[in-house]
Amino acid sequence: MSADTTSVATSEVELAITGMTCASCAMRIERKLNKLDGVTATVNYATEKAKVSYPAGIEPRRLVEQVEAAGYSAALPAVEKEEPAEAADPADPTAPLRQRLIGSAVLSVPVIVLAMVPAFQFTYWQWISLTLAAPVLVWAAWPFHKAAWANLRHGAATMDTLISMGTLAAFLWSLYALLFGTAGTPGMTHAFELTVQRMAGDGNIYLEVAAGVTTFILAGRYFEARSKRRAGAALRALLELGAKDVAVLRDGKEVRVPIGELAVGEEFVVRPGEKIATDGVITEGASAVDASMLTGESVPVEVVPGDTVAGATVNAGGRLVVRATRVGADTQLAQMAKLVEAAQTGKAQVQRLADRVSAVFVPIVIALAVGTLMFWLGTGGSVAAAFTAAVAVLIIACPCALGLATPTALLVGTGRGAQLGILIKGPEVLESTRAVDTVVLDKTGTVTTGQMSLVAVHVAEGTDEETTLRLAGALENASEHPIAQAIARAARERTGELPAVEEFTSLEGLGVQGIVGGSAVLVGRSALLEQWSHRLTPELAEAKAAEEKLGRTAVVVGWDGEARAILVVADTVKPSSAEAISRLRGLGLTPVLLTGDNEAVARAVAAEVGIDTVIAEVLPKDKVDVVKRLQGEGKVVAMVGDGVNDAAALAQADLGLAMGTGTDVAIEAGDLTLVRGDLRAAVDAIRLSRRTLRTIKGNLFWAFAYNVAALPLAAAGLLNPMIAGAAMAFSSVFVVFNSLRLRGFRSITA
């Protein structure tokens, strides 16, 4: 009965996977785990984790054994400690790779020099080369051999297969030629000549090919590993946003304790400027709370007793007493961390271009080598000559430049990007830019400045703008409220030094009052002025209604018994946003404005910059759902954002572009970071990524082309060691120079 399968309780576990070298490894592990009854697994190559859902009848240890059976290693999650802060930064995961690279380079350089420069070929030089090359092939290249063996067991071929096969063929043939052929005789030299002629294979050694290829590929892997995204950093950055300690009210006294000791139901104090420790309900005080990191709304939210507040948001106004309603893993911040993690785990993986090429190239080379062997034996050639030709095919097929194709272009491209304020996190990012057709833009901090500014002043008849700003600005300068500060800042810029204030009073939730230059001034909500019988003129009332319809904040100013002006405060559009939207359209992308702000504000901003599609009033979880929905419609989505509320959507998108002026969480969750707060940087990022990808493809073509051109010579038994070395050198040089062309990339703002 199907009831058996539907009623069985399932558990979830996250395994840490090691030993993966490419995205195909992740797919292989996924298939292996999913073969177990009732198991559903998702393996992420970028984060090196497997998220596994399994039925009650399966022990977690069985899952680890299943991964190990596929040729990889897995570990169950360690028991969580309450204070993990001590060991926050584990050992550098690239250190073993760096050690192999340094050791390989030190040993390989003499081998290459001896082989390529006949003047250095002293008596017994070939034996010195063997001594130096052996550790490179056995120790430095071990990860490639191990991965190739794992691939072989599963009938797959990747770049590792090609590297292992070519380097071992070159080394083992050289060993044979030295021990059983004529290559080991004293005084043997490799003359520097590129002539094509048949020669005895047992007099040739190819140690420089084996050692050089290993070193170049290790260099490429190391540079890739350094730039590879460490997705866990996004979650660590999220948790860092929360308060570390909290002032709890116990027996009427404030006691500062670590956040972990706060319990549900306890009351705690939040002073102006402090982060709210956890989700709760206000029991005392009134203030404005900056919740933009969660909601995306640029205007601080006015709160009074009975209102709910979220942890990690900032108290921008007065003293608050809050009763904790959720702590630890139940808070909104922790839920957002889970959203980010889930989005990253489910993100489609991009397989290396080199692996895809290798999957086709390796079987062809092996077939060609076997065909060469059969042909020579079938036409009466000697066994030695047949094996010489077959092994030569394997040797020449190992393209040294393959290891340089991606990392050199990536290094030059990322270097040029860094100069332009664009940080590219890894090669897998570039492939995502190729097919992107929709760009989802967060509003606050991305299209707009994310900062409140004075955008308009409406004055009653007989009142001048300068006087209004001087009086209102002086009063607001004494308040810490973000809207008040925006007015004070604009007043200083337009009128100069502000006058002194006497008898300043802040009325929570209403506004401020005081005496400026002998005039009794009121600044705030209409209700405050109505308490003092200050009535708005019909013109001011109409202006106020029109501005609020656009989603802007209208502040009323009155003095000497009359309401005299309306000051309009709003989050302003960045000057470059409209041009950036136009350029994105020029790249074939459809822009979509996505925001937690209200519909009126979003529509007004969209109209100003030229965006047709607007999705407003969405929570962080809804942002992820919007991205998923667009992907479900067949669109390839890029997301541009800057806040914590964007982090999960950035991770879910096919390409996440984080504004570097935003939060660390957004930056960690994105694939590309735009250091400048200018949206035109997103245009440059996509242009640079696409050009870098084209360069990588060109590099891969030439990395193979030189070697493929020499394959017929190898099959015909005409392979000269110098031709093999020259093919290796020329392809590498070409790849490097082709990559250097990326330094000429120009920004649209140049």
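Residues numbered from 1 in each chain as written. Predicted model: local features only at pLDDT ≥ 70, side-chain atom pairs only at ≥ 80, totals over all residues. Heavy atoms only, no water.

Draft legend 1. Region of interest: the overall build of the protein. Of the regular secondary structure elements, the protein holds 27 helices and 26 strands. By residue count, 53% of the 750 residues in the protein fall in the buried class. For the protein, the share of sequence-separated contacts (at least 6 apart) that also reach a separation of at least 24 residues comes to 70%. Carbon and sulfur atoms form 58% of the exposed surface of the protein, whose accessible area is close to 31,900 Å². (Helix = DSSP H or I, 4+ residues; strand = E, 2+ residues; numbered from the N terminus. Buried < 20%, exposed > 50% of the residue type's maximum accessible area, 1.4 Å probe, protein only. Contact = heavy atoms within 4.5 Å. Areas by Shrake-Rupley, 256 points an atom, 1.4 Å probe, with all protein chains shown as cover.)

Draft legend 2. Molecular detail of the UniProt feature "transmembrane region" (unreviewed entry) in the protein. Here the UniProt feature "transmembrane region" (unreviewed entry) sits at residues 101–118, 124–142, 162–185, 205–223, 357–377, 383–406, 699–716 and 722–740. Span residues 124–142 is 89% helix and 0% strand, its end C-alpha atoms 27 Å apart. Helix makes up 94% of residues 699–716 and strand makes up 0%, while its end C-alpha atoms are separated by 27 Å. (UniProt positions renumbered as here; feature names shortened; annotations may be inferred.)

Draft legend 3. Main features of the nonpolar core. Within the largest apolar cluster, 51 residues are counted, with the highest numbers of intra-cluster contacts made by Ile-205, Leu-207, Val-365, Val-393 and Ile-395. Every element with two or more residues in this core is listed here: α4 (95–116), α5 (125–140), α7 (159–180), α8 (207–227), α12 (353–378), α13 (383–396) and α26 (680–715). Tallying contributions element by element places α7 first for this core, with ten residues. (Core = buried A, V, L, I, M, F, W, Y, C linked by side-chain atoms within 4.5 Å.)

Draft legend 4. Up close: the packing of α4 against α5. With their axes 9 Å apart at the nearest point, α4 and α5 run at an angle of 155° to one another. Considering the angle they form, α4 stands roughly antiparallel to α5. Where α4 crosses over α5, the two elements pack in a sense that is left-handed. On α5, the residues touching Gln-99, Arg-100, Gly-103, Ser-104, Leu-107, Ser-108, Pro-110, Val-111, Leu-114 and Ala-115 of α4 are Trp-125, Ser-129, Leu-132, Ala-133, Pro-135, Val-136, Trp-139 and Ala-140. (Axes fitted to C-alpha atoms, helices over the stretch in contact; angles between N-to-C directions. Parallel < 35°, antiparallel > 145°, perpendicular 65-115°, else oblique. Left-handed = near helix turned anticlockwise from the far one by under 90°.)

Draft legend 5. Summary view of the pairing of strand β9 (residues 287–290). Note: β9 against strand β10 (residues 301–303), three bridges, orientation antiparallel. Bridge pairing in β10 places Ser-287 opposite Val-303. Here β9 pairs with strand β12 (residues 314–315) via two bridges, running antiparallel. Paired with Val-289 across the bridge in β12 is Asn-315. (Pairing = 2+ DSSP bridges.)

Draft legend 6. Summary view of the sheet that holds strand β2 (residues 40–44). In spatial order, the strands read β2-β3-β1-β4; together these four strands make up an open sheet with antiparallel pairing. In this open sheet, the two strands that pair with only one neighbour each are β2 and β4 (73–75). Averaged over all adjacent pairs, the angle separating strand axes in this sheet is 30°, with direction ignored. Two elements, strand β1 (residues 10–18) and strand β3 (residues 49–55), share seven bridges in a ladder whose sense is antiparallel. Residue pairing for β3: Thr-10 is matched across the bridge by Pro-55.

Draft legend 7. The packing of aromatic side chains, seen in detail. Under the counting rule described, the total for this entry stands at four aromatic pairs. Judged by centre distance (5.1 Å) and plane angle (40°), the rings of Trp-173 and Tyr-176 are tilted. Of this pair, Trp-173 and Tyr-176 both sit in helix α7, separated by three residues, roughly a single helical turn. Look at Trp-173 and you get buried, because its relative accessible area is 10%. On the numbers, 5.0 Å between centres and 50° between planes, the contact of Trp-702 with Phe-734 is tilted. In this pair, Trp-702 is assigned in helix α26 and Phe-734 in helix α27 (residues 721–740), connecting sequence segments 32 residues apart. Among the residues examined, Trp-702 registers a relative accessible area of 33% and is labelled partly exposed. (Phe/Tyr/Trp six-rings, centres within 6.5 Å; stacked < 30°, edge-to-face > 60°.)

Draft legend 8. Representation of the pairing of β1 within the structure. Note that β1 and β4 share three bridges and pair antiparallel. When the sheet's bridge partners are listed, Ile-17 is paired in β4 with Ala-74.

Draft legend 9. Structural context of the sheet that holds strand β8 (residues 279–284). Judged by pairing direction, the sheet is antiparallel, and its six strands sit side by side in the order β6-β5-β7-β13-β8-β11 without closing on themselves. Of all the strands in the sheet, the pair left with one neighbour each is β6 (253–258) and β11 (308–309). The pairing of β8 with strand β13 (residues 320–326) spans five bridges and is antiparallel. Counterpart to Glu-284 in the pairing with β13 is Val-321.

Draft legend 10. Examining the side chain of Asp-678 more closely. You can see Asp-678 is positioned in the loop between β26 (672–674) and α26. The class for Asp-678 is buried, based on a relative accessible area of 14%.

Draft legend 11. Inspection of the side chain of Gln-121 at higher detail. Inspection of the secondary structure puts Gln-121 in the loop between α4 and α5. A polar contact is formed between the side chain of Gln-121 and the backbone oxygen of Leu-114, at a distance of 2.9 Å. Setting aside anything within four residues of it in sequence, one finds Gln-121 in contact with Leu-114, Ala-115, Thr-189 and His-190. (Polar contact = N/O pair within 3.5 Å; in protein donor to acceptor, adjacent residues only side chain to side chain.)

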